[in-house]
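# Remarks on the overall topology
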Amino acid sequence: MLKKKTATLLIAISTFCLPPAVYSQNSDAKMKTYIDALMKKMTLEEKVGQLHLPSVGFDVTGPIVSKGVEENIRKGLVGGVFNTYTPNAVRKLQEMAVNESRLKIPLIFGYDVIHGHRTIFPISLGLSSSWDMDLVKRTARAAAEEASADGLNWTFSPMVDIARDPRWGRVSEGAGEDPFLGSAIAKAMVVGYQGTDLSLNNTLLACVKHFALYGASEAGRDYNTVDMSRIKMYNEYFPPYKAAINAGAGSVMTSFNEVEGIPASANKWLMTDVLRKQWNFNGLIVTDYTAINEMINHGMGDEKKVGELSLNAGVDMDMVGEVFLKHGVELVKSGKVSQAQIDAACRRILEAKYKLGLFQDPYKYVSEERNKSQILSQDKLDLSKEAAVKSMVLLKNSNEALPLKSNQKIAFIGPLVKDQRNLVGSWSGASDTYKNARSLWSALELRSDKSNFLYAKGCNLVDDSLIRNKLNPHGGDIIPDSKSPQQLIDEAVKTAQQADVVVAVLGEAFGMTGEAASRSSIGLLDNQVELLKALKKTGKPVVLVLMNGRPLTLEWEDKNMDAILETWFSGTMAGPAIASVLFGEQNPSGKLTMTFPRNVGQVPIYYNNKNTGRPFDENQKYTSKYLDAPNTPLYPFGYGLSYTSFSYGDIKLNTASMNPSQKITASMQVTNTGKVEGVETVQLYVRDMVGSVTRPVKELKAFQQVSLKPGESKMINFSISNEDLMFYNSDLKMISEAGDFKLFIGTNSRDVKEANFKLVK
Ligand code: BGC
């Protein structure tokens, strides 16, 4: 059957030269010839049709469901679809395109494969806490293997928006607050998804999103206004997008927000000047979901006008909105948009299909056999557990409360102990993926010491009806217990009294982070804190295990809990991973990639801030501070403990001065001073002391992970080059400036040793 369909297609296009099976740089000329010939046959309507990306199928994230999609596919008026997967469903739509449309152009199939497809890995913020680029790459590779075996060839990932405001629900989808780490992760993900050859049947086209600055929405409220100086964009927010593009990402998604007063999807400066001209991006630009239509609300004009603005800005593909489909032809005929603009957009979409090998074989991602062997395969489950373990961050551990001892009676308390639904976080929609997730309790029940474990629910995950009523209509699945909150607490206290130690498993519902999930206060919900207070009163040691998707305010918990383990929403294998960390079979090594504030009033708070003219001085009144809280966060960027301890020697520089063509080597001895083996992420920061524009008080410039046995020491060497000292000046030129620098090395952005060096020119 497959062969027959393929043969039909190849005959149909045999008047053009056949595309090579494998796309490479050398194939550019062949691709051009092929697409030139194809485009000569296309009508204006068919070209505009390629710019249309409807959502079909299982899961929609917005208000508009595309109508008449099948009819449009047959008419050759659809470029691709998203939210459809499984070999069967994909084959059905692809057959329509290649058998029934006039030019038989195959469809591209997209989906939000964000942190795994069917096997779910930790949410992106969690995974970033591993600081392990190889791991990040391997999870993206595994996600591509699985999704491409489910009919897909395009993922709307990586999301690389720098985020410094934990009120914003989508911080869970990114890599945190730092441009250097964010860039490394962006690159690792693109390489993981796309591999070295996009035309293979196990690779996905990556889509960098959301261009640009989506993470800087005012007050952390989703979709809100963004306003920022260009110097800040270039130095602090653009680097991860640029890194993804340099790594070869084949597509970019526009963001919902405005930038300098113009919504991204109509922002010619962003789409054409920055992306195409400055960064030489030649892939396809797709809008976010109905982002063109939403420009009517932004106040940019009527539907036809916003379509015109978007096409002229350089956008290629309209996600769901049907604005190009409705108005594209007329916009060209009336001279508002040039034929050349439509041709360029159409060409980029055809090029993406060509590079994916779809003209060669439109069914190459449709294979029942691959589907069976790839989905939820053992190697992916093992990787999911490894990633979950490496993402966890130990925030506090006093009196060796952790690891748990096997001879202890342990009360596991909390609505998340037996939970499956929330473990996988948001963006894990593929076919009720969460049903495969392993709860903590299911992992505990497999242990030989299980007779030592007690359980009580303790509280509802969400008692707050305001939140519940917003989440439940969208699959929140939050059902209050038939017992009253007081009964639940009483039961939990009784259970705790029978135990030697209490493990409270609390946090957010998965729907409390992700898209449209901003919060104005970011602590544990009141009913959960009440439970913790009651447990604390029993006098038993209390270990708090957190599952959540953003930095939380945890001042009370930090003072009153014996240990706190941040596990994020850690995916399909969350349960076994958490159990192995709690019992010390694995030693946690994650480090925060977003600052945890003391209270929400400190937000935005991030480590790489500027010094101000009046930096805080406790002996001076008129310095930059709060009257009611310190400036410092509760847990700084880069922070995370281990079951062992590490000591740092002094920094040794091979020379204290360099010119731009030289390098400085900074060395530091790191020793495991504790009792168990552990992994430490050694972090290097730099401060440029004097600049033609103000420079941050610290900037991450390098990091290395080292595994050390008890008592073992290793010398860690970093090399600093001119490139590490460069920044965008007020002319937006990338330069370095001669002068004094401070170099810091340490276990997090706060606890560091320092040394000085000079750049001479
Ligand atoms: C989100 C994007 C996502 C798209 C498609 C939008 O609402 O902002 O991140 O890729 O939907 O599902």
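Rules behind the numbers
- Residues numbered from 1 in each chain as written.
- Predicted model: local features only at pLDDT ≥ 70, side-chain atom pairs only at ≥ 80, totals over all residues.
- Heavy atoms only, no water.
- Buried < 20%, exposed > 50% of the residue type's maximum accessible area, 1.4 Å probe, protein only.
- Helix = DSSP H or I, 4+ residues; strand = E, 2+ residues; numbered from the N terminus.
- Pairing = 2+ DSSP bridges.
- Right-handed = clockwise from strand over helix to strand, strands pointing away.
- 1 Å grid on protein atoms, 1.4 Å probe; cavity = no way out; pocket = protein on both sides within 12 Å on 5 of 7 lines; lining within 4 Å.
- Points joined across faces, edges and corners; volume = space filled by probe spheres on them.
- Nonpolar A, V, L, I, M, F, W, Y, C, P; charged D, E, K, R; others polar.
- Domains from an automatic or database assignment.
- Contact = heavy atoms within 4.5 Å.
- Buried area = accessible area lost by both parts, 1.4 Å probe.
- Salt bridge = Lys/Arg side-chain N within 4 Å of Asp/Glu carboxyl O.
- Axes fitted to C-alpha atoms, helices over the stretch in contact; angles between N-to-C directions.
- Near = heavy atom within 4 Å.
- Polar contact = N/O pair within 3.5 Å; in protein donor to acceptor, adjacent residues only side chain to side chain.
- Areas by Shrake-Rupley, 256 points an atom, 1.4 Å probe, with all protein chains shown as cover.

Side chains of strand β3 (residues 108-111) alternate between two faces, with I108 and G110 and F109 and Y111 buried alike. Bridging between strand β2 (residues 80-82) and β3 involves 3 bridges; their strand directions are parallel. Bridging across to β3, F82 finds its partner in G110. As for the winding sense of the linkage, the β-α-β connection from β2 through helix α5 (residues 87-100) to β3 is right-handed. Across 2 bridges, β3 lies against strand β4 (residues 154-155) in parallel orientation. Across the sheet, the residue bridging to G110 is W154, located in β4.

This part covers empty space enclosed by the protein. Throughout the structure, instances matching the rule amount to 4 cavities of 30 Å³ or more. In this structure, the largest cavity occupies an estimated 130 Å³ of space. As for the largest cavity, its lining consists of 21 residues, of which I114, S124, L127, V136 and M189 are closest to the centre. Every element with two or more residues in the lining of the largest cavity is listed here: α6 (124-128), α7 (133-148) and α8 (179-194). In terms of residues, the lining of the largest cavity owes the most to one element, α8, which gives 5 residues. Considered class by class, the residues forming the lining of the largest cavity number 13 nonpolar, 7 polar and 1 charged. Each pocket or cavity is described by its volume, and for the second largest cavity that value is around 80 Å³.

Below, the discussion takes up the domain arrangement of the protein chain. We note that the domain assignment places domain 1 (4-371), domain 2 (378-580) and domain 3 (646-759) within the protein chain. Placing the centre of domain 1 and that of domain 3 at their C-alpha centroids yields a distance of 37 Å. Counting residues at the interface gives 12 residues for domain 1, matched by 13 residues for domain 3. Summed over both partners, the interface of domain 1 with domain 3 comes to about 1100 Å²; 70% of that surface belongs to carbon and sulfur atoms. A per-residue breakdown of the area domain 1 buries against domain 3 is headed by W131, F180 and Y234, which together make up 53% of the total. On the surface where domain 1 and domain 3 come into contact, there are 0 salt bridges. Secondary structure elements with two or more residues in the side of domain 1 that touches domain 3: α8 and α9 (230-237). Among the elements that take part in the side of domain 1 that touches domain 3, α9 stands out by supplying 4 residues, more than any other. Per-class residue counts for the side of domain 1 that touches domain 3 are 6 nonpolar, 2 polar and 4 charged.

Spatially, 6 strands are ordered β11-β16-β15-β14-β12-β13 in an open sheet, and the strand pairing comes out mixed. Edge positions in the sheet fall to β11 (393-397) and β13 (453-456), since each has one partner strand and no second. Neighbour to neighbour, the strand axes of the sheet diverge by 15° on average, direction disregarded. Sheet analysis places strand β14 (residues 501-507) next to strand β15 (residues 542-547), joined by 6 bridges and oriented parallel. Opposite V503, over in β15, you have V543 as the bridge partner.

A word on the site of the ligand. Around the ligand, the structure places 14 residues, and the nearest of them are D112, R170, H210, D288 and E515. In this structure, an oxygen atom belonging to the ligand sits 2.5 Å away from a side-chain N or O atom of D112. Note that an oxygen atom of the ligand is positioned 2.7 Å from one of the side-chain N or O atoms of R170. A total of 310 Å² of accessible area belongs to the ligand in isolation, and the protein chains cover 99% of it. A breakdown of the residues in the shell around the ligand according to their chemical character gives 7 nonpolar, 2 polar and 5 charged.

With parallel pairing, 3 strands are arranged side by side in an open sheet as β2-β3-β4. Each edge of the open sheet is held by one strand with a lone partner, namely β2 and β4.

Cis geometry marks the peptide bond from L402 to P403, where omega comes out at -5°. Tracing the chain through its elements places P403 in the loop between β11 and β12 (410-413). Cis geometry marks the peptide bond from V603 to P604; its omega dihedral reads 0°. One non-glycine residue with positive phi stands out, namely K104, at about 60°. Position of K104 among the secondary structure elements: in the loop between α5 and β3. Its identity as a non-glycine residue notwithstanding, W427 has a phi of 55°, on the positive side. Structurally, W427 can be placed in the loop between β12 and α18 (440-445). Take W427: its relative accessible area is 16%, and that puts it in the buried class.

Attention now moves to the pattern of salt bridges. In total, this model carries 43 salt bridges according to the counting rule given. In this structure, E491 engages K483 in a salt bridge whose closest nitrogen and oxygen atoms are separated by 2.9 Å. The class for E491 is partly exposed, based on a relative accessible area of 31%. Given a relative accessible area of 36%, K483 falls into the partly exposed group. D740 is the salt-bridge partner of K758, the closest N and O atoms lying 2.6 Å from each other. Placement of K758 in strand β27 (residues 752-759) and of D740 in strand β26 (residues 739-746) is noted, with a sequence separation of 18 residues between them. By relative accessible area, which is 40% here, K758 ends up partly exposed. What emerges from the salt-bridge pattern is a single network uniting D132, D134, R138, E386 and K390.

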